[in-house]
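Below, each chain spelled out in residue letters.
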Protein chains: 2
Amino acid sequence: MLTEALIESVREYLLSLQDGICAGLEEEDGTGRFSEDSWKRSEGGGGRSRVLTNGAVFEKGGVNFSDVSGASMPKAATTARPDLAGRRFRAMGVSLVLHPLNPFVPTTHANVRFFVAEKDGSEPIWWFGGGLDLTPYYPYEDDAIYWHRTCKKACEPLGGDTYDRFKGWCDRYFYLPHRDETRGIGGLFFDDLNESGFEDSFALMRSVGDHFLAAYLPIVRRRKDSPWGEGERAFQLYRRGRYVEFNLIYDRGTLFGLQSGGRAESILMSLPPMVRWEYGWVPQEGSPEEQLYERYLKPQDWLAGEKT
Amino acid sequence: MLTEALIESVREYLLSLQDGICAGLEEEDGTGRFSEDSWKRSEGGGGRSRVLTNGAVFEKGGVNFSDVSGASMPKAATTARPDLAGRRFRAMGVSLVLHPLNPFVPTTHANVRFFVAEKDGSEPIWWFGGGLDLTPYYPYEDDAIYWHRTCKKACEPLGGDTYDRFKGWCDRYFYLPHRDETRGIGGLFFDDLNESGFEDSFALMRSVGDHFLAAYLPIVRRRKDSPWGEGERAFQLYRRGRYVEFNLIYDRGTLFGLQSGGRAESILMSLPPMVRWEYGWVPQEGSPEEQLYERYLKPQDWLAGEKT
């Protein structure tokens, strides 16, 4: 049975996850510091937004905790699940997006979340969701393999084909149909996780949260001192445009947040600090930019060489 | 009765409108020239995209003609009008967005369009739509009054309360609920125009198209030589972020285009060349930026002093 104490334990985990991730990112950055805004929502709940800007490594980074409740589920959440319509909800999670300055360091996003939808006289419906994904600007196979290997480790609490399922889900979710491109090289995405019971589902969600820094920081370390020039910067700003397109047109988390009267500044914290659109741009033949399009913006089995 | 000859006359008008507007903008810019891409769509139809970049006045401008047809109306068009579901359609129009370099020159958007939705054994359903709206970065009352006065003149073919209705519709349409801001100072917006018959509806649409340069160019001339600095540029890039948010989250034209398999590069031509997001930005008290928020990003009756 879902008790208040269990719900509280999820909240406590999420708050400590936000603390741990911010501390790890500040250490990696060296000079940038997160500043915090606490906010309340008139309908219920609130959050703790943390933003770092103009760091040595991170041009902009946001690590957001929120715990909001409402009298009825917003449309973005009930289109796919009509059984939730009309239920009260509580949604809590940590969501982060990091936009590095150096174009050789990938952008990343991670999120873990817990939902409860209640109605008088019915059992509460609850589930976990989350994931992490990587959006490189320049193609490095080592980074892609390392990232996915760590994602696979994060799935161990559920075992079986969990990595394959969540990896495939991520490829399908972070996809821009109007560009026929994935947002990046993916990682994990899961939602509606409850079939293995509260304890195991919560363990998986914690494992995903706890593996984030282990998956990302080694890649940052490898790339953050690579010299870059105007051309790489221009390409990074151009590719950031795809990030904006995905988040504003397709991302259910963003649409859920805006439709449920969430705090726009916190939700749109995911948007890059500087972005460029250019009509009709195509990569030069044989360039690293072309390689990105050919291989890294299409789903790949990055662990094909490591099958056991 | 809607004959093929009438449909062809709309197409001819739209092509000549695109030519006239591009010529007028090139003359005003002085150095920038439009380059043209013609494209075809596998499902039917195509278009003629014209883009000007890095002009003396216009950092990026797109003036797009398209004439596309399809076997069934896309979802974005039938949510509000279920009577159209399952009909074949033909949609043609001219759509333009101009992003000036000088922050004192407003961004503008205009569009005129004609739709026909057909089904065997039924009369075709047809309608006109369109409008023009202005998005200033800095507040100039003279510009706002001149813009709306010209919009009112454009409504003369239908007379009566046409300006008031279309002006109000524009204020409601170009609105960002998550920011509680209008996109700019509005202008005209209309859709589903057919109740006065083909001839009068077409005349109104032509009048809107024909008044665009008359509404915009005098404002450009007044502002294009104003000296500007880094602060104004930063504010312009920041405000352009709202333009992106509106177009990707709310704009039915954009969503219709992307859902109907339109050409992404042409549809997203409306996005600014360079954009900035900044967490938690607020204008300084007493600044022109604050005045913009207080008066120009809320609906106003700009012609209140000119009532006859």
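Residues numbered from 1 in each chain as written. Chains lettered and ligands numbered in written order. Predicted model: local features only at pLDDT ≥ 70, side-chain atom pairs only at ≥ 80, totals over all residues. Heavy atoms only, no water.

Q: Teacher, can you tell me more about the pattern of salt bridges here?
A: Tallying each qualifying case throughout the model produces 54 salt bridges over all chains. Note that E43(A) and R41(A) form a salt bridge whose closest N and O atoms lie 3.1 Å from each other. Classification of E43(A) as partly exposed rests on a relative accessible area of 46%. Taking relative accessible area as the criterion, R41(A) reaches 10% and is therefore assigned buried. E306(B) is the salt-bridge partner of R149(B), the closest N and O atoms lying 2.7 Å from each other. Within this pair, whereas R149(B) is found in helix α3 (residues 141–154), its partner E306(B) is found in the segment after α9 (288–296), the two being separated by 157 residues in sequence. Given a relative accessible area of 31%, E306(B) falls into the partly exposed group. (Salt bridge = Lys/Arg side-chain N within 4 Å of Asp/Glu carboxyl O. Buried < 20%, exposed > 50% of the residue type's maximum accessible area, 1.4 Å probe, protein only. Helix = DSSP H or I, 4+ residues; strand = E, 2+ residues; numbered from the N terminus.)

Q: I tried to follow helix α1 (residues 4–29) of chain A on my own but got confused; where do I start?
A: Over its 26 residues, α1(A) extends 38 Å from the first C-alpha to the last, a length consistent with the 38 Å expected when each residue adds 1.5 Å. At the exit of α1(A) stands G30(A), carrying a positive phi of roughly 95 degrees. (Expected span 1.5 Å × (residues − 1).)

Q: Explain the interface of chain B and chain A here, please?
A: When the parts come together, some accessible area is lost, and that loss is often what is quoted as the size of the interface. Facing the 30 residues of chain B at the interface are 30 residues of chain A. Taking both sides of the interface into account, the surface hidden between chain B and chain A amounts to around 2,400 Å²; carbon and sulfur atoms contribute 65%. Along the contact surface separating chain B from chain A lie two salt bridges. The shortest N-O distance in the salt bridge between E265(B) and R179(A) comes to 2.5 Å. On the surface where chain B and chain A come into contact, there are eleven residue pairs in polar contact (both at pLDDT 80 or more). (Contact = heavy atoms within 4.5 Å. Buried area = accessible area lost by both parts, 1.4 Å probe. Polar contact = N/O pair within 3.5 Å; in protein donor to acceptor, adjacent residues only side chain to side chain.)

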